[in-house]
Amino acid sequence: MSLYIFYISNFLLLLCLTASLIQFGKIINNKIFTRPGVIVLAYVQLISILLSFLILIYLFLISDFNFDLVYFNSHSEKPLIYKFSGVWGNHEGSMLLWILILVLFNFLFALSRRISERFKEITVAVQSIMIFGFVAFLFFLSNPFALNQNNFFDGIGLNPILQDPLLAIHPPVLYVGYVGFSLVFSLAIAGLITKEVDQQWASIVKPWVFSAWAFLTAGIALGSFWAYYELGWGGYWFWDPVENASLMPWIAATALIHCVLILQKRNVMQSWTIILAILTFSLSLVGTFLVRSGILNSVHTFASDPGRGLFILLFIFLILVFSFSLFAYNSEKINKINSMGLVSRGTGIQVNNWLLITILTIVFLGTMYPLATDLLLNKSLTVGPKYYSTTIAPIIILFLFFMFISPRLGWTDTKLYKIIIQLRYFIITSLTITLIISLYFELFNLTEILIIFFSLLLVISSMTASINFNKQNILVRTNLGQNLAHAGFGILMMAVVSNAVYSEERIYNAKVGDNLQLQKYIFSFDKIEQVEESNYNSLKAYFLMKKDGKLIDTFTPEIRFYSNPPTITSEASILHKFFSDIYLVMNVPQDQQSISVRMHIKPFMTILWLGTLMIIIGGIISASIRIGRVGEK
Amino acid sequence: MSSLVKSRLIKFLLSLIIVSIAVLIIIFNLRDNIIYFYGPTDLLKNSDKQGQIMRLGGLVSVDSFQNETDSIFYFSITDGENEIDVKYEGILPNLFAEDKGVVVEGVYMNDGRFIANKVLAKHDENYMPPEVIETLKKSGKWQGE
């Protein structure tokens, strides 16, 4: 049985390879490669990969340990959902998922209408050559369907920190984001080849680039949320190299979506948009490369292999060489001279583009510097998180200012003082609130005060702009996606700053019966129990949280002892309140009498996630609503 | 020189200056926040590093672990050749044990002791930090493959 599956699945991979080659052939000679048509081939690509992915899921669900991948990454006693999510908790499976999303995007694009045949053919061809590259990589270098000769009775198991419901969705969502930019890249290359990077091009690209961006944002947020409650360190962002690897394409993509908008409205910045499209996709590949190569010492290196990293590195190199030569050859022909006013919305967006690129450089240097010294000087070092916060914070202030002012400016030259006078009430309100906050909470750091002030300004002005009544008191359609996302960003920044300033941590060694204090709360250590679950045993402590003698909640931090593979994890117990989270985590007893308990008060965590959610929803709205038709003045 | 070339040159030089200033600021900030990693032998060779924040890694020496109170601990970190005494106040991670790999972050004091403020946690009991493997290989005590 396993042998048949082995043949069928490998055949499917080869089928996809062939179909992708023919798709690519159309770009060279569309006389010879007329049939089968683009859509038929896209179906073949999609169905072959979808089937092999389903087969892999089936193998994990029935725990067929004749396959190496299942043997190394699964265990028969694992709960069903983790057998399922374990499919992409490893290198080969996650690459197959990556390819599945790649062919899915290709397929959806091939089906889209109102795009000229030639333009579609070229885009699909570029996309198909990438599919070919990745499927070849999968087939030859990391085949998920490799058989072993032994009759293993049971598998080794999935890393327990990955056994979590959020992990079932974090990688797929992140991948939809990463891979979505492959289509944007293909569209950019097609635009370069046809020399048509114009308003028409921008409106084709817009829904794809916005949805990829929204998914990438959601993927990063899910990962951050997962780290917050699963790793038990009490933080949501650690400037860990892998987190940075996903942040870098996000920063480039944020610049890109704004450029696509300007291009659509004003037909300017063609070259810069193309450069950003290439950069975003290359950084997405770097993200994959850094995580998969194992050169990063990080919590994420569970699915890694140094040899395979070389392939992705080579792939990035080829893409960069090819696309930039094409760009150098054709860039003069795509640029059209259209001017924008000096004090205008376009200039504001351009300034923020540069600020984003500066932040990107900061993150890039901080991430790559330790790798470079390790490789070149054989010296091991880490870059402290303070580097990022102190370097980026001043830029964020400027960034927030331009985010606030730019949408209020017109596309042509505007008088700045008139705008400021128009916005005087916003400015006065924000100034007052900031003053009250800083006096009441004794916040006297200039950077923090300025970030809070401009964030408030951004939030208030975006919120007001999204609710707009016309003269008949009817709610008129506004740029809801943009305003929601911008307000969300302001809320996020306020939450980040206040969280960093007001977090509090207490560490206790506690025995049953002890009363521990954290601010105005008392925690009574009630009891400790042993619990047996199907795939782990755990020690569960019960803390009763009281305020003024009244019971408010019960906290149950846990330590879990997994046996397949042998690992110990701490499970935090978190109470989410609107203004602050209370977070308890405990560690293995050093002696019999006491356990170590770490308690955190984390202010504004709920608001922080809320801001992030607003950004994501804003992105989805912008992706799905067509605002401003082509050529609209 | 025509006026067009001249204005382009001025623009180019201006942006060059701005970019270089930005890069310098970033690099100085980076230098201030770098945390170096040392093994015990490395650290003894670099005794001028006293007073800086750094990471130290190796194996927890056998029979070196003591606790003064419930949250103040003493132990030594060894690479098989040299040992450094560490004092740490806080919570020890779940998998902390003698003869296992460990990485601590803190300050190397003038009296040769290391005051740690963090013990970096790892989740897998067979996991060995790559830096520690490197340290043990340097001192010839590495037993793995």
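Everything that follows concerns the structure shown earlier in this document.
Residues numbered from 1 in each chain as written. Chains lettered and ligands numbered in written order. Predicted model: local features only at pLDDT ≥ 70, side-chain atom pairs only at ≥ 80, totals over all residues.

S.K.: Residue-level account of the overall build of chain B, with values.
M.R.: The number of helices and strands found in chain B is 3 helices and 7 strands. N-terminal to C-terminal, the α/β element order of chain B is α-β-α-β-β-β-β-β-β-α. For chain B, with 145 residues in total, the buried portion stands at 28%. A sequence separation of at least 24 residues applies to 54% of the contacts in chain B between residues at least 6 apart. (Helix = DSSP H or I, 4+ residues; strand = E, 2+ residues; numbered from the N terminus. Buried ≥ 20, exposed ≤ 12 C-beta atoms within 10 Å, placed from the backbone. Contact = placed C-beta atoms within 7 Å.)

S.K.: Tell me about the pairing of strand 6 (residues 101-108) of chain B, and please be specific about residues and values.
M.R.: Residues and elements named next belong to chain B. As defined by bridge partners, strand 2 (residues 53-60) adjoins strand 6 across 7 bridges and the pair is classed as antiparallel. In the strand pairing of strand 6, methionine 54 is matched with glycine 106. For strand 6 and strand 7 (residues 114-119), the ladder comprises 5 bridges, and the chain directions are antiparallel. Paired with valine 107 across the bridge in strand 7 is isoleucine 115. As consecutive antiparallel partners, strand 6 and strand 7 are separated by 5 residues, and within that stretch glycine 112 has a phi angle of approximately 85°, a positive value. (Pairing = 2+ DSSP bridges.)

S.K.: Break down helix 1 (residues 2-28) of chain A for me, citing the residues and quoting the values.
M.R.: For helix 1 of chain A, with 27 residues, the first-to-last C-alpha span of 40 Å sits near the 39 Å given by 1.5 Å per residue. The complete set of buried residues in helix 1 of chain A reads Ser9(A), Leu12(A), Leu13(A), Cys16(A), Ala19(A), Ser20(A), Gln23(A), Lys26(A) and Ile27(A). (Expected span 1.5 Å × (residues − 1).)

S.K.: Before we move on, can you summarise the environment of Leu256(A) with the specific residues and values?
M.R.: Residue and element names in this part refer to chain A. Along the chain, leucine 256 falls in helix 9 (residues 241-266). The exposure class of leucine 256 is buried, given the 30 C-beta atoms found within 10 Å. The spatial distance from the C-alpha of leucine 256 to the C-alpha of leucine 276 is 5.6 Å, given a sequence separation of 20 residues. Not counting the four nearest positions on each side in its chain, leucine 256 is found in contact with Val209, Thr273, Leu276, Ala277 and Thr280.

S.K.: Lay out the interface of chain B and chain A with the relevant residues and their values.
M.R.: Counting residues at the interface gives 24 residues for chain B, matched by 31 residues for chain A. At the level of elements, helix 1 (3-32), strand 1 (34-38) and helix 3 (130-138) of chain B are the ones that each hand at least two residues to the side of chain B that touches chain A. A per-class count over the side of chain B that touches chain A returns 12 nonpolar, 7 polar and 5 charged. With 3 bridges connecting them, strand 1 (residues 381-383) of chain A and strand 1 of chain B associate as antiparallel partners. Residue pairing in the sheet places Val383(A) in a bridge with Ile34(B) of strand 1 of chain B. (Nonpolar A, V, L, I, M, F, W, Y, C, P; charged D, E, K, R; others polar.)

S.K.: Explain the environment of Leu484(A) to me, using residue names and the numbers behind them.
M.R.: Topologically, Leu484(A) is positioned in helix 17 (residues 480-502). Between the C-alpha atoms of Leu484(A) and Ser284(A), which are 200 residues apart in sequence, the distance is 26 Å.

S.K.: Tell me what's going on with helix 12 (residues 345-377) of chain A, and back it up with residues and numbers.
M.R.: Residues spaced three or four apart along an α-helix point in a common direction, a consequence of the helix completing one turn every 3.6 residues. Residues and elements named next belong to chain A. Along its 33 residues, helix 12 runs 46 Å from first to last C-alpha, staying within 8% of the 48 Å computed at 1.5 Å per residue. A bend of about 30° at methionine 368 is the largest found in helix 12, and the proline proline 370 appears one to four places after it. At the exit of helix 12 stands asparagine 378, carrying a positive phi of roughly 55°. (Bend = angle between axes of the 7 residues up to and from the residue.)

S.K.: Help me get a handle on the environment of Ile5(A), residues and values and all.
M.R.: Residues and elements named next belong to chain A. Within the secondary structure, isoleucine 5 sits in helix 1. The class for isoleucine 5 is partly exposed, based on 19 C-beta atoms found within 10 Å. Linking isoleucine 5 and serine 186, residues 181 residues apart in sequence, is a C-alpha distance of 34 Å.

S.K.: Mind laying out the sheet that holds strand 11 (residues 595-603) of chain A, listing which residues take part and the relevant values?
M.R.: Residue and element names in this part refer to chain A. Here we have 4 strands laid out as an open sheet, ordered 2-11-10-9, and antiparallel in their pairing. Edge positions in the open sheet fall to strand 2 (504-510) and strand 9 (573-576), since each of these has one partner strand only. Strand-to-strand, the axes of this sheet are offset by a mean angle of 15°, without reference to chain direction. Bridge count between strand 2 and strand 11: 7 bridges; the pairing is antiparallel. Within the sheet, the bridge partner assigned to alanine 510 lies in strand 11 and is isoleucine 595. (Axes fitted to C-alpha atoms, helices over the stretch in contact; angles between N-to-C directions.)

S.K.: Before we move on, can you summarise the nonpolar core with the specific residues and values?
M.R.: Judged by nonpolar contacts, the single largest core of 147 residues is most densely connected at Ile99(A), Leu102(A), Val184(A), Val209(A), Ala252(A) and Leu256(A). Structurally, this core is a two-domain feature, drawing no fewer than three residues from each of domain 1 (1-158) and domain 2 (181-335) of chain A. Ignoring sequence-local partners within four residues, the contact set of Ala252(A) consists of Leu276(A), Leu279(A), Thr280(A), Leu283(A) and Leu360(A). Within the second largest apolar cluster, 25 residues are counted, among which are Tyr38(B), Leu59(B), Ile77(B) and Ile91(B). (Core = buried A, V, L, I, M, F, W, Y, C linked by C-beta atoms within 7 Å. Domains from an automatic or database assignment.)

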